[in-house]
Amino acid sequence: LTGWSQGDAMGRPLEEVFEIVNEYTGDPVENPVQKVINEGRTIGLANHTALISREGNRVSIADSAAPIRDVAGEMLGVILVFRDMTLERQKEEALRKSEERFRGIVESTDDWVWEVDIRGLFTYVSPQIKNMLGYSPEEVVGKTIFDLMSKEEADRVYSIFRSCANQLASFRSMELTIFHRDGRPVFLETNGAPFFTDGKYCGYSGIIRDITQRKLAEKKLSLAHRQ
């Protein structure tokens, strides 16, 4: 990792062999060994630290440094351990880019994207809820969808959802009536499916679409037929 052989490194100052900088800014990072000597305790590197090798290559690392003491507790030196974190950094960057793409897709649709945990509590609500119901995502996260309904509607929808959840089954075109923040009813339709992490059931995710205009049109059409 350093580009230095054992023979070349022996007897040289640590800073010459172990040159570390911040991955993003390139600013030098405090020598962890000197920090251990000054403070007398084990030190871990801050995140996003890079080691610059003898050839000028930059490698993401994680490390720790700890004091070496004799039986009387006197410090004799410091042991430094570090490892290559390049693969982990690449995975983190790939995940970050994936999340950015997902967020861009979610926030560009007119539908409200949601996610609930195994208790039915919202863990994610996309910004579209503001247009649909007048609530910000922060006001809804931590609540259940049943908190936004009348008791009768909550009982009806809960019965359907519980039946699906008991079988870990998906559901489609489930119709809901939720009151807008200003008190008017909003007709919605939702699809959802269970999601898993490492094979463990973690909750449901899905989308909700505003079908108020469609329901009103159906009502008008039904009235016209009756007339």
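Residues numbered from 1 in each chain as written. Predicted model: local features only at pLDDT ≥ 70, side-chain atom pairs only at ≥ 80, totals over all residues. Heavy atoms only, no water.

**Quick look at the overall build of the chain**
Okay, step 1: When its secondary structure is counted, the chain shows 8 helices and 10 strands.
Okay, step 2: Expressed along its principal axes, the backbone C-alpha trace of the chain runs to roughly 100 × 40 × 35 Å.
Okay, step 3: A buried classification covers 33% of the 227 residues belonging to the chain.
Okay, step 4: Considering only residue pairs separated by 6 or more positions, the chain has 43% of its internal contacts joining residues 24 or more positions apart.
Okay, step 5: Element-wise, carbon and sulfur atoms account for 52% of the exposed surface of the chain, whose accessible area totals about 14400 Å². (Helix = DSSP H or I, 4+ residues; strand = E, 2+ residues; numbered from the N terminus. Buried < 20%, exposed > 50% of the residue type's maximum accessible area, 1.4 Å probe, protein only. Contact = heavy atoms within 4.5 Å. Areas by Shrake-Rupley, 256 points an atom, 1.4 Å probe, with all protein chains shown as cover.)

**Brief notes about the side chain of Glu189**
Okay, step 1: Within the fold, Glu189 resides in strand E9 (residues 185-197).
Okay, step 2: Here Arg214 takes part through its side chain, which lies 3.3 Å from a polar atom of the side chain of Glu189.
Okay, step 3: Ignoring any residue separated from it by four or fewer positions in sequence, one finds Glu189 in contact with Ser173, Met174, Glu175, Ile207, Ile208, Arg209, Ile211 and Arg214. (Polar contact = N/O pair within 3.5 Å; in protein donor to acceptor, adjacent residues only side chain to side chain.)

**Structural notes on the pattern of salt bridges**
Okay, step 1: Across all of its chains, the model carries 16 salt bridges by this definition.
Okay, step 2: The partner of Asp155 in a salt bridge is Lys151, with the nearest N and O atoms 2.9 Å apart. Pair noted here: Asp155 and Lys151 are both in helix H7 (residues 151-167), with a separation of 4 residues, about one helical turn.
Okay, step 3: When its relative accessible area of 60% is taken as the criterion, Lys151 is described as exposed.
Okay, step 4: Glu175 is the salt-bridge partner of Lys215, the closest N and O atoms lying 3.1 Å from each other. (Salt bridge = Lys/Arg side-chain N within 4 Å of Asp/Glu carboxyl O.)

**Things to note about the confidence of the model for the chain**
Low pLDDT means the predicted coordinates in that region are not meant to be read closely.
Okay, step 1: Across the chain, the average pLDDT comes to 89, with 99% of residues at 70 or higher.
Okay, step 2: Within the chain, the element-level pLDDT minimum falls on helix H4 (residues 86-108), averaging 79, and the maximum on helix H1 (residues 6-9), averaging 94. (pLDDT = per-residue confidence, 0-100.)

**Regarding the nonpolar core**
Okay, step 1: In this structure, Trp112, Leu133 and Leu176 are the most contacted members of the largest nonpolar core, which totals 27 residues.
Okay, step 2: Of all the elements in the fold, those that place two or more residues in this core are strand E6 (112-117), strand E7 (122-125), helix H5 (129-133), H7, strand E8 (171-179), E9 and strand E10 (200-210).
Okay, step 3: At 5 residues, the largest contribution of residues to this core is made by H7.
Okay, step 4: Setting aside its immediate chain neighbours within four residues, Leu176 contacts Ile145, Met149, Glu153, Arg156, Val157, Val186, Phe187, Leu188, Thr190 and Ile208.
Okay, step 5: Membership of the second largest hydrophobic core comes to 5 residues, among which are Phe18, Ile20, Leu51 and Ile61. (Core = buried A, V, L, I, M, F, W, Y, C linked by side-chain atoms within 4.5 Å.)

**What to know about the state of the cysteines**
Okay, step 1: Scanning all chains against the criterion turns up 0 disulfides.
Okay, step 2: There is no disulfide at Cys164, and the cysteine sulfur nearest it, in Cys202, is 18 Å away.
Okay, step 3: With a relative accessible area of 24%, Cys202 lands in the partly exposed category. (Disulfide = S-S within 2.5 Å.)

**Overview of the packing of aromatic side chains**
Okay, step 1: Tallied over the entire structure, the rule returns 9 aromatic pairs.
Okay, step 2: Plain terms: the ring middles of Phe161 and Phe171 are 6.1 Å apart, the flat faces sit at 80° to each other, and that makes the pair edge-to-face. In this pair, Phe161 sits in helix H7 while Phe171 sits in strand E8, placing the two residues 10 residues apart along the sequence.
Okay, step 3: For Phe161, a relative accessible area of 12% corresponds to the buried category.
Okay, step 4: Aromatic pair Tyr201 and Tyr204: ring centres 6.2 Å apart, planes at 85°, arrangement edge-to-face.
Okay, step 5: Since its relative accessible area comes to 24%, Tyr201 is described here as partly exposed.
Okay, step 6: Among the residues examined, Tyr204 registers a relative accessible area of 0% and is labelled buried.
Okay, step 7: Among the aromatic side chains, those forming a connected cluster through ring pairs are Trp114, Phe161, Phe171, Phe196, Tyr201 and Tyr204. (Phe/Tyr/Trp six-rings, centres within 6.5 Å; stacked < 30°, edge-to-face > 60°.)

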